[in-house]
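Structure assessment
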Amino acid sequence: MADPNHPFNMFKTGTKQTLWDIPNKNKSYVCEKLLEFHSSWYSSHLMYLAVLGKEDLNTLEDMVISLFIHIERKDVEMPIWVDPIYKEEQLATKTIVVPVKDVRELCINFLINNQQPNYKSMPTEYLNAIFSHTSISAILCMRGWVNGFLACSIFEARGIEYYEIIMDLTEIGLDYVDAIIKVIFQYVNGLKLRGPQEWFHEETKLINSLEFQYKDNEPPLNYVTMLTPQMIRYNLKDVLIAEHLIEEWKPDLITELLSYFRPDNMRVTVISKTFQGQTNAEDKYYGTLFAVSKIPMETINFWLEDDICEGIIMPSKNKYLASNFTLVPIEIHKEPEIPKIFYNSSILRCWLKIDTEFRLPKAYVAVDFFSPIVAVDPFNCNIMDIFVKLFNEDFSKHIHNASRAKLHLQLKSSIHGFNFVLHGFNQKINKLLKRIIERLSTFTIDSQRFEIIKEEKIRKLKSIETENPYRSATRYSSIILSETSWSPRELLKSIGGIDVDSVRGFMNNFWSHLYIESFMYGNLNRRMAVILIHLLEKPFLSREGFRPLLSRELIRSREVEIDDGENKLYERITELHSCSGVQVNLQCGVQNIKNNVVVSLFNQIIEESCYNILRTQEQLGYVVTSITRKSNGVLYFCIIVQSDYNPIFVHTRIEHYLSSVESLLNNLTDEEFLKHKESLATKLLEKPKGMIEQAVVYRSDIIDQCYIFKAAEFEVKILTSITKEDIIEFYQQKINLTGPKRRMLSVYIRSTLNPKPDECSTLSSSDINLFITSKIQKIDDINEFKKSHRLYPAPGKLIARWP
């Protein structure tokens, strides 16, 4: 949609046609163009390097100089694109687009000037913070037009920047696009009338400063990858702070930014399947249907009216801002190294770990609400998901200031209920937790928002069919093998009968019959933990008719046990993708320290050859990987391939590869085997880089009900005793096609658009015999398959019986 003569007017991707056919026809070969580009631009003064290492600065500098000193400096200047990407004919336009997924979106772009020189005052940060205030999104949601709202500046390239506002539209909202844009302009009118507020700038400056000062550690690779583009954009002395610290107050730059919010400087894009049949153009590469039209002058004049929307409230001072950053005193040698049960009652169990390593004035509190009534059928699962979405939307107006003050809430549904995580500065975490629990117990459902959220849920369930085939294969592998898991089709089939009364009735039952498990970590002492526990437990214990769960009701999901020697196949059809997906799951038994190590080491040994043979040599597809996974206490070794080839052919080649692994293992030298063990030990012992990363590791052990917390250390100890013979025996028993304890589930997502339907005719007789001897049985009904199989024991111990 950009100016056709501007270099921005192109995709960042290529096709066989653009990268091969057309260049060859014009005798303008891609290889020559690459060399020409390299010759022109590969210059030392245009290159930026960030190195992070444990060595001292002088050593690092010597390493860099020795490697890069020979790069030539060429007589070229770094380009900057000063011409606007949109000219008059592309502005004040409305584009309608027909998507593949069932999404509805409104996107508004305003061209703005280059903001790179203004990084010390960050006027766009001011606008981002103002627009993220919930008042404007609350008004649009209340009118039933919008489900989500996002606004931010977009930096595309040097000199190319625009401000973008994106909204997720409701079905009704599609008919009110002009009215929605009117509200945006009314909000901008209010901002212009009030003018830039220095107190809000100072608050934003303080928040950014606190976030930077108490920043969690980042993975080193992510950090250096982030630094190098910043070295291009900012003065070298400011690179580490440029996108974090605000140094100057320049209200005139904010006023100037607001001046770009005009209809004649705007592009509107509306995306919806309802535009089918209303378009007049098709993108030649992706086949996207669209139409572009000029916005009528009558509409522009409507937007230009100098009025303000009633009901929009401007931001007020933030009560969640932390002011106390004192660290709780600790005695490192007396503090437990792992989370311990701090509190245990009939309704609530709390794990506590006081941070002794990262020492930041922050906390991480995870709370899991569990009830057996959720997972029993897809109807209840849908209700829980809808309730959580309604609550999130309602509570967003309460949580905005907390999020802005770097105290975050993430609340989502699960197969057993819902959970939420609070993390950030610890001083006011109790205040936010109290607000959440109070709102949960008093929350009333708005019937209009219910219908909108339900319709959105239906659209998302339908759109699952559009996901990549390999992802779909992974999804159905989990659905088939988990005791309590429902397919998108089952969820979709059961959602129609849900109404407001059924949600209210279900949630009343849920609140009266549940169990809570919490994990608290960080800058929290025992006194603070007691306060948080009281906030969590008291409202439910005092609830009329509340009954604690029985021991048997506390058992979580279990895994379906495939029989020894059993090979199962489940197949689904996709009409939306030209490629198919295959996932071969080999069930490897119950999790324990030794099994974990053996399966991980096996994958470590074969991972490279699997990729090399199936992807590089046989060219089966772009997505080829071998992985280990754990589900409900059970281990799996899996190979996943997304391919243009027929799934049967792909599966046969996977089996052919697996039959060759025995030779690979037998020919492995002692030295090679030791290197694989060392490599796995290094991965296992890699410590979390930051407090949040560590919290997630601890919590995952609680969710999985394994409660080891230091599994990596135990696994490394066991790893030293694992022999090559252990791995060969594992392969012969559980991986090899003829292994007596082999347990396989293969999932095919077969494309009806498959361009290579006849490759199975090229299979050798040995390949066909190999496949036939596996005696694969097809799964026609997932639920019948589950009913006919045993379940593995529940992972971990019953919650109520844990000491």
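Now for a look at the structure at hand. (Residues numbered from 1 in each chain as written. Predicted model: local features only at pLDDT ≥ 70, side-chain atom pairs only at ≥ 80, totals over all residues. Heavy atoms only, no water.)

1. Looking at the overall build of the protein
From N to C terminus, the protein includes 25 helices and 19 strands. The globule rule puts the C-alpha radius of gyration for 803 residues at 28 Å, and the 29 Å found for the protein is close to it. Overall size of the protein, expressed as C-alpha extent along the three principal axes, is 80 × 80 × 65 Å. Classification of the 803 residues of the protein by burial places 50% in the buried group. Sequence-distant contacts in the protein: of pairs separated by 6 or more residues, those separated by 24 or more amount to 84%. Roughly 39600 Å² of accessible area belongs to the protein as shown, and the carbon and sulfur atoms make up 54% of that amount. Between the mean site of the 94 positive side-chain charges and the mean site of the 101 negative ones, the protein shows a separation of 5 Å. (Helix = DSSP H or I, 4+ residues; strand = E, 2+ residues; numbered from the N terminus. Rg over C-alpha atoms; globule rule 2.2 N^0.38 Å. Buried < 20%, exposed > 50% of the residue type's maximum accessible area, 1.4 Å probe, protein only. Contact = heavy atoms within 4.5 Å. Areas by Shrake-Rupley, 256 points an atom, 1.4 Å probe, with all protein chains shown as cover. Lys, Arg positive; Asp, Glu negative; His and termini not counted. Charge placed at Lys NZ, Arg CZ, Asp CG, Glu CD.)

2. A word on the nonpolar core
One recurring pattern in soluble globular proteins: nonpolar side chains tend to sit buried together. Counting 63 residues, the largest nonpolar core has Phe369, Phe418, Phe420, Phe510, Trp511 and Met520 as its most contacted members. Looking at this core element by element, the count peaks at 11 residues for helix 11 (residues 378-404). The residues touching phenylalanine 418, leaving out its near neighbours within four places in the chain, are Val367, Asp368, Phe369, Met384, Val388, Leu411, Lys412, Ser413, Leu440, Phe510 and Trp511. Phe131, Leu140, Ile254 and Cys309 belong to the second-largest nonpolar core, a separate cluster that totals 50 residues. (Core = buried A, V, L, I, M, F, W, Y, C linked by side-chain atoms within 4.5 Å.)

3. A look at the sheet that holds strand 13 (residues 515-522)
As summarised here, the arrangement of the six strands in space is 8-9-13-10-12-11, forming an open sheet in which the pairing is mixed. A strand with exactly one partner marks an edge of an open sheet, and here the two such strands are strand 8 (340-344) and strand 11 (407-414). Taken pair by pair, the neighbouring strands of this sheet meet at an average axis angle of 15 degrees, ignoring direction. Where strand 10 (residues 362-370) lies against strand 12 (residues 417-425), nine bridges are found, and the strand directions are antiparallel. Counted as the bridge partner of phenylalanine 370 is glycine 417 from strand 12. (Pairing = 2+ DSSP bridges. Axes fitted to C-alpha atoms, helices over the stretch in contact; angles between N-to-C directions.)

4. Focus: the packing of aromatic side chains
One pass over the full model with this rule turns up 42 aromatic pairs. With 6.1 Å between their ring centres and 85 degrees between their planes, phenylalanine 11 and tyrosine 285 make a pair best called edge-to-face. In this pair, phenylalanine 11 sits in the segment before helix 1 (16-25) while tyrosine 285 sits in the loop between strand 6 (281-282) and strand 7 (289-294), placing the two residues 274 residues apart along the sequence. A relative accessible area of 42% means that phenylalanine 11 is categorised as partly exposed. An aromatic cluster is built from Phe369, Phe387, Phe391, Phe395, Phe418, Phe420, Phe443, Phe506, Phe510, Trp511 and Phe540, whose rings are joined through pairwise contacts. The ring of tyrosine 86 carries arginine 267 above its face, with NZ or CZ at 4.8 Å from the centroid. Sitting over the ring of tyrosine 636, arginine 629 keeps its end group 4.2 Å from the ring centre. (Phe/Tyr/Trp six-rings, centres within 6.5 Å; stacked < 30°, edge-to-face > 60°. Lys NZ or Arg CZ within 6 Å of the ring centre and 35° of its normal.)

5. Considerations on the sheet that holds strand 16 (residues 623-631)
Taken together, six strands build an open sheet; the order of strands is 16-17-15-18-14-19 and the sheet is mixed. The open sheet has two free edges, formed respectively by strand 16 and strand 19 (777-778), since each of these has just one partner strand. When strand 16 meets strand 17 (residues 634-643), the two strands line up antiparallel, connected through nine bridges. Following the sheet pairing, isoleucine 627 is matched in strand 17 by cysteine 638.

6. Focus: the state of the cysteines
For the structure shown, the criterion picks out zero disulfides. Unpaired in terms of disulfides, cysteine 152 finds its nearest cysteine sulfur in cysteine 107, a separation of 9.7 Å. The thiol of cysteine 350 is not disulfide-bonded; the next cysteine sulfur, from cysteine 706, is found 18 Å away. Residue cysteine 350 is classed as buried on the basis of its relative accessible area, which comes to 0%. (Disulfide = S-S within 2.5 Å.)

7. Some points on a nonpolar patch on the surface
Among the surface-exposed residues, Leu49, Val51, Leu67 and Phe68 lie close enough to one another that they form a single nonpolar patch of about 370 Å² accessible area. Mapped onto the secondary structure, valine 51 falls in the loop between helix 2 (30-41) and helix 3 (57-68). Of the residues examined, valine 51 reaches a relative accessible area of 44% and is grouped as partly exposed. (Patch = residues over 30% accessible without salt bridge, like charges linked within 9 Å, V, L, I, M, F, W, Y side chains within 5 Å. Salt bridge = Lys/Arg side-chain N within 4 Å of Asp/Glu carboxyl O.)

8. Comments concerning the packing of helix 12 (residues 429-442) against helix 17 (residues 526-541)
When two helices pack together, you describe them by how their axes are tilted relative to each other and by the distance separating the axes. One way to put it is that helix 12 packs onto helix 17 with a least axis distance of 10 Å and a crossing angle of 5 degrees. Taken as axis vectors, helix 12 and helix 17 run roughly parallel relative to one another. Where helix 12 approaches helix 17, its residues Ile429, Asn430, Leu433, Lys434 and Ile437 are matched on the opposing element by Met528, Ile531, Leu532, Leu535, Leu536 and Pro539. Residues of the contact of helix 12 with helix 17, tallied by class, amount to nine nonpolar, one polar and one charged. (Parallel < 35°, antiparallel > 145°, perpendicular 65-115°, else oblique. Nonpolar A, V, L, I, M, F, W, Y, C, P; charged D, E, K, R; others polar.)

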